[in-house]
Amino acid sequence: MTVKTKMKGTHPFKSFRKEQQAAIDSCVSAVKKGFKYIILEAPTGSGKSAIAVEILQHLGSGRILTPQVILQDQYISDYPEFQLLKGASRYKCHLDGPPKNLGIIPTSAKQWTKCAETKNCSEGTKWFNSNLGAFSRCEGCTYEVALKKAAKADYSILNYHSFYFQNKMRMGIFNGTNLVLDEGHNVPKIVTDLFQRSFEEEPFVSFTAPDPSVCFANRNFKFTKSVDVIEPQFLEDLFDNYIYEMQKEILSLEPHSHKSSIKRMLLNYKEKISQAKFQRQNINTSFFSYTFDEKAGRKKITSTPIAVKGILKSQIFDVNETIIFMSATILDTKIFCKELGLKPEEVFHCKVPNSFDADKHSVVYVHTEDGPSMAYSQRKDSLPILIEDIRDILRNHPNEKGLIHTQSFNILNSIVMGIKSPRFTYQAKNRARLLEDHKTKPNSVLVAPGMKEGVNLVGAESTFQIIVCVPFPVYNHYTMWKFVTNPGYKEWCTSIALIQSLGRSIRTSNDTCTTYLLDARFLEFVPRIKHYLTDYQREVFDV
């Protein structure tokens, strides 16, 4: 079937390429046949964003969810007709005074007291009404204006956190439409992170460190300062004590609740008690893993949902229409669908071929199979060798920009301290500033973990990159549960990370890049994942 209409959306180009039009046709046809779930798997440079936007235009309305601000900016640059909603901290507060109404209740300015001076809209408690015991944002709050515009618009772009949080607080204000879930392969992790909950020590609550006998793999908290607790009794006692001490503190503060600072504190404590009670009730359900750690002398326990199928079903799938998972690396529909709680037969999978020239991307395996391995047990001996490899690679690319994927901050620190090159760019306030520093600094080499996604280094911005080690998932209670319940998960997860890393420096058909794989384990791992690779990727990896 061909969708016999001209381009509905406003795109940064005049017409679709053949493979783009074919993808649009097949996806729109699949929706008409009754498919609710669409996987749009397309490589870098294939224009998958344009394909997704056009599909939404044919469906009549929709929202695009992205995990990063930088991706939102890219979308709004190409598609300015979409309404954009970022996080509240991204909006400048004009301090236009207190609200004239609280819901449907009229209020006077005299009833309100200013209780926050932040320059952005991140603080939702700028004003306090002691008569009504309520907080509010400013009158004409710039974030509220943007939120209402995005909610009313036929087409809007949000981050996942805003979508979830505002739906929770405002009775599903963004639900009931078609969704494009950008970085679709990461949806389970994104939702997992959204539903993580941490409970920290307070001045009136202290935690007892766990004994190795109650920890995953008998890990010792004294040495690692971060362990997974698997003993239910320890967790029950911890949450019982936390709830009890919190309730005592609330009782002592209640007589002073007419003060805005105390009122805000009480609201915070009551929310924490509610969350702690929920955790206490679910300790024996195997719904969560629990990590106990300490930073700056303050202990905390963090719960992480192990399976997000039920959350996805109730919070996204059942309350919206067509769901489009957009990614360059779904790789295995069966494993992906199992993570989401979907049946493969109810999902339409559209795969767009790669049109890039594999000769423009060279992969170099630096070591043979018996070379230095970055397995944890061998890392101490191997890392100095790999640091010398990096020094040699930098000499071979003296007047070029590049990227080093470090996989962890410990590896980053070892490289930076071991080489001390003025070319290294690795410190900044945030990710966007780090990328900007790299792009403006001559011959910069970006050194960082977490750069495998959402990074576009075009042309001379990166002509070589180094992947230090095979990006296996961290081994803990959470990942062990995944390995056991979803066969192939470990290999699949690692393959996604590797392929995503590989694509950071080849963003257009004109880009050229050399990628160096340092860990000797790459020689064994890459042939093992050949079944996940496209023809283009097999040629690049030479397998």
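If you're wondering where the values come from, they're calculated on a predicted model, not measured in any experiment.

> Teacher, can you tell me more about the overall build of the protein here?
The secondary structure content of the protein amounts to 18 helices and 22 strands. Taking 543 residues into account, the globule formula puts the C-alpha radius of gyration at 24 Å, and the protein, at 25 Å, falls close to it. Principal-axis analysis of the C-alpha atoms gives the protein an extent of 70 × 65 × 50 Å. Within the protein, the proportion of its 543 residues that are buried is 51%. Within the protein, contacts between residues at least 6 apart in sequence are counted, and of these 72% link residues at least 24 apart. Carbon and sulfur atoms make up 52% of the accessible area of the protein, which totals about 25700 Å². The distance from the centre of the 70 positive side-chain charges to the centre of the 57 negative ones in the protein is 6 Å.

> Sorry if this is basic, but what is going on with the sheet that holds strand β11 (residues 197-200) here?
In sheet architecture, strand pairing relies on hydrogen bonds along the backbone and comes in two forms, parallel and antiparallel. Sheet architecture is open: four strands sit in the order β11-β14-β13-β12, paired in antiparallel fashion. At either margin of the open sheet sits one strand with a lone partner, and together these are β11 and β12 (226-229). When strand polarity is set aside, the average angle formed by the axes of neighbouring strands in this sheet is 25°.

> I keep staring at the environment of Ile-506 and nothing clicks. Help me out?
Tracing the sequence through the fold places Ile-506 in the loop between α16 (489-502) and β22 (513-517). In sequence terms Ile-506 and Asn-186 are 320 residues apart; their C-alpha atoms lie 21 Å from each other. If we skip the residues at most four places from it in the chain, Ile-506 touches Thr-44, Phe-356, Lys-360, His-361, Asp-511, Thr-512, Cys-513 and Tyr-536.

> Is there a simple way to think about the sheet that holds strand β6 (residues 112-114) in this case?
Taken together, the three strands give an open sheet; going across it, the order is β6-β7-β8, and neighbouring strands pair in antiparallel fashion. The open sheet has two free edges, formed respectively by β6 and β8 (134-136), since each of these has just one partner strand. Averaged over all pairs of adjacent strands, the angle between their axes in this sheet comes to 30°, without regard to strand direction. In terms of strand pairing, strand β7 (residues 127-129) meets β8 through three bridges, oriented antiparallel. The partner of Phe-128 across the bridge, within β8, is Phe-135.

> I would appreciate a short explanation of the pairing of strand β14 (residues 298-305) in the present structure.
Most of β14 sits inside the fold, with seven of its eight residues counted as buried. The pairing of β11 with β14 spans four bridges and is classified as antiparallel. Paired with Phe-199 across the strands is Ile-301, a residue of β14. In textbook terms, the turn of a hairpin is the stretch between consecutive antiparallel strands, and for strand β13 (residues 288-295) and β14 this stretch comprises two residues, one of which, Ala-296, has a positive phi near 55°.

> Would you mind going over the side chain of Gln-20 with me for this structure?
Along the polypeptide, Gln-20 turns up in helix α1 (residues 18-32). The class for Gln-20 is buried, based on a relative accessible area of 2%. Of the polar contacts made by the side chain of Gln-20, one reaches the backbone nitrogen of Arg-17; its length is 2.8 Å. For Gln-20, the side chain forms a polar contact with the main-chain oxygen of Ser-46, separated by 3.1 Å.

> Please explain the packing of helix α5 (residues 160-169) against helix α6 (residues 187-194) as it appears in this structure.
A pair of packed helices is captured by two measures, namely the crossing angle of their axes and the spacing between those axes. The interhelical angle for the contact between α5 and α6, taken along N-to-C directions, is 50°, at an axis separation of 11 Å. Classified by the interaxial angle, the pair formed by α5 and α6 is oblique. Between α5 and α6 the crossing geometry is right-handed. Of α6, the residues touching α5 (which contributes Tyr-160, His-161 and Tyr-164) are Val-187, Ile-190 and Leu-194.

> How should the packing of helix α8 (residues 232-253) against helix α9 (residues 260-281) be read in this particular structure?
In the contact formed by α8 and α9, the axes pass within 10 Å of each other and the chain directions differ by 155°. Viewed along their axes, α8 and α9 adopt a mutual orientation that is roughly antiparallel. Taken as a pair, α8 and α9 cross one another with a handedness that is left-handed. Packed against α8, whose contacting residues are Glu-236, Phe-239, Asp-240, Tyr-242, Ile-243, Met-246, Gln-247, Glu-249, Ile-250 and Leu-253, the element α9 presents Ile-262, Met-265, Leu-266, Tyr-269, Lys-270, Lys-272, Ile-273, Ala-276, Lys-277, Gln-279 and Arg-280 at the interface. Counted by class, the contact of α8 with α9 contains twelve nonpolar, two polar and seven charged residues.

> What am I meant to see in the side chain of Asp-293 here?
Within the secondary structure layout, Asp-293 lies in strand β13. Each residue touching Asp-293, except ones within four places of it in the same chain, is listed here: Phe-221, Lys-225, Ser-226, Arg-298, Lys-299 and Lys-300.

> Teacher, can you tell me more about the packing of aromatic side chains here?
When we look at a pair of aromatic rings, we describe it by the centre distance and by the angle of the planes. Under the counting rule described, the total for this entry stands at 24 aromatic pairs. Geometrically, the ring pair formed by Phe-204 and Tyr-269 is edge-to-face, given 5.5 Å between the ring centres and 75° between the ring planes. With a gap of 65 residues between them, Phe-204 in the loop between β11 and α7 (221-224) and Tyr-269 in helix α9 connect regions that are remote in the sequence. By relative accessible area, which is 7% here, Tyr-269 ends up buried. Between Phe-221 and Phe-292, the ring centres sit 5.2 Å apart and the planes meet at 80°, which makes this aromatic pair edge-to-face. A residue pair is termed long-range when its members are at least 10 positions apart, and Phe-221 in helix α7 and Phe-292 in strand β13 qualify at 71 residues. Residues Phe-221 and Phe-292 agree in their burial class; the two are buried. An aromatic cluster of at least three residues, connected via ring pairs, comprises Phe-199, Phe-207, Phe-221, Phe-234, Phe-239, Tyr-242, Phe-278, Phe-288, Tyr-290 and Phe-292. For the cation-ring pair, Lys-490 lies above Phe-472, with the distance from its terminal atom to the ring centre recorded as 5.2 Å.

> In this structure, what is going on with the pattern of salt bridges? I would like to understand it.
Close approach of charged atoms allows side chains with opposite charge to pair. Tallied over the entire structure, the rule returns 20 salt bridges. Two residues, Lys-248 and Glu-245, come together in a salt bridge whose shortest N-O distance is 3.8 Å. With a gap of three residues between them, Lys-248 and Glu-245 both fall in helix α8, about one helical turn apart. You can call Lys-248 partly exposed: its relative accessible area is 43%. With a shortest N-O distance of 3.1 Å, Lys-313 and Asp-318 are connected by a salt bridge. Through salt bridges with shared partners, a single network forms among Glu-200, Glu-202, Lys-272 and Arg-298.

> I would appreciate a short explanation of the nonpolar core in the present structure.
Burial of nonpolar side chains together is a common tendency in soluble globular proteins. With 67 residues, the main nonpolar core has Leu-85, Phe-317 and Phe-325 as its most contacted residues. Here this core gets six residues from one element, more than from any other, and that element is α16. Beyond its immediate sequence surroundings of up to four residues, Leu-85 is in contact with Gln-72, Tyr-91, Tyr-143, Ala-146, Leu-147, Ala-150, Ile-157, Leu-158, Asn-159, Ser-162 and Phe-174. Listed in part, the 28 residues of the second largest apolar core include Ile-24, Cys-27, Tyr-75 and Tyr-79.

> I would appreciate a short explanation of a nonpolar patch on the surface in the present structure.
A surface patch of nonpolar side chains, amounting to about 320 Å² of accessible area, comprises Ile-104, Ile-105 and Leu-132. Here Ile-104 shows up in the loop between β4 (101-102) and β5 (105-106).

What counts, and at which threshold
- Positions within a chain are numbered from 1, following the residues in the order the chain's sequence is written.
- Local features in this predicted model are restricted to residues whose pLDDT is 70 or higher, and side-chain atom pairs enter the listing and the counts only when it is 80 or higher, whereas totals over whole chains, interfaces and linings include all residues.
- Values shown for side chains rest on all heavy atoms present in the structure; no hydrogens or waters enter the calculation.
- Strands here mean DSSP runs of E at least two residues long; helices mean DSSP runs of H or I at least four residues long; both are numbered from the N terminus.
- We compute the radius of gyration over the C-alpha atoms and compare it with the globule rule, which gives 2.2 Å times the number of residues raised to the power 0.38.
- The cut-offs for exposure are 20% and 50% of the maximum accessible area for each residue type, with area from a 1.4 Å probe on protein chains only; residues under the lower value are buried, those over the upper are exposed, and the others partly exposed.
- What makes two residues a contact is simply this: any of their non-hydrogen atoms within 4.5 Å.
- All accessible-area figures derive from a Shrake-Rupley calculation using a 1.4 Å probe, and residue coverage is judged against the displayed protein chains alone.
- In this count, Lys and Arg are taken as positive residues and Asp and Glu as negative ones, while His and the chain termini are left out.
- We put the charge of a Lys on NZ, of an Arg on CZ, of an Asp on CG and of a Glu on CD.
- The pairing criterion for strands is at least two bridges between them, as found by DSSP.
- Between N-to-C directions, angles span 0 to 180 degrees; the directions come from axes that are lines fitted to C-alpha atoms, helices contributing only their stretch in contact.
- As used in this structure description, the phrase polar contact means that two N or O atoms lie within 3.5 Å; if the pair is within protein, one of them must be able to donate a hydrogen and the other to accept it, and residues adjacent in sequence are counted only when both atoms belong to side chains.
- Any angle that is under 35 degrees is reported as roughly parallel, and any over 145 degrees as roughly antiparallel; angles of 65 to 115 degrees are reported as roughly perpendicular and all others as oblique.
- Should the near helix be turned anticlockwise from the far one by less than a right angle, the crossing is termed left-handed; should it be turned clockwise, right-handed.
- Under this grouping Gly is polar, as are all residues other than the nonpolar Ala, Val, Leu, Ile, Met, Phe, Trp, Tyr, Cys and Pro and the charged Asp, Glu, Lys and Arg.
- Pairing of aromatic rings covers Phe, Tyr and Trp, the last through its six-membered ring, and needs centres within 6.5 Å; plane angles under 30 degrees mean stacked, over 60 mean edge-to-face, and all others mean tilted.
- Two conditions define a charge located above a ring, namely a distance within 6 Å from the ring centre to NZ of Lys or CZ of Arg, and an angle within 35 degrees of the ring normal.
- The term salt bridge refers to a pairing of a side-chain nitrogen on Lys or Arg with a carboxyl oxygen on Asp or Glu at a separation within 4 Å.
- Here the nonpolar core consists of buried residues drawn from Ala, Val, Leu, Ile, Met, Phe, Trp, Tyr and Cys, with membership extended through side-chain atoms lying within 4.5 Å.
- Without a salt bridge and with relative accessible area above 30%, a residue can belong to a patch; like charges are then joined within 9 Å and nonpolar side chains (Val, Leu, Ile, Met, Phe, Trp, Tyr) within 5 Å.

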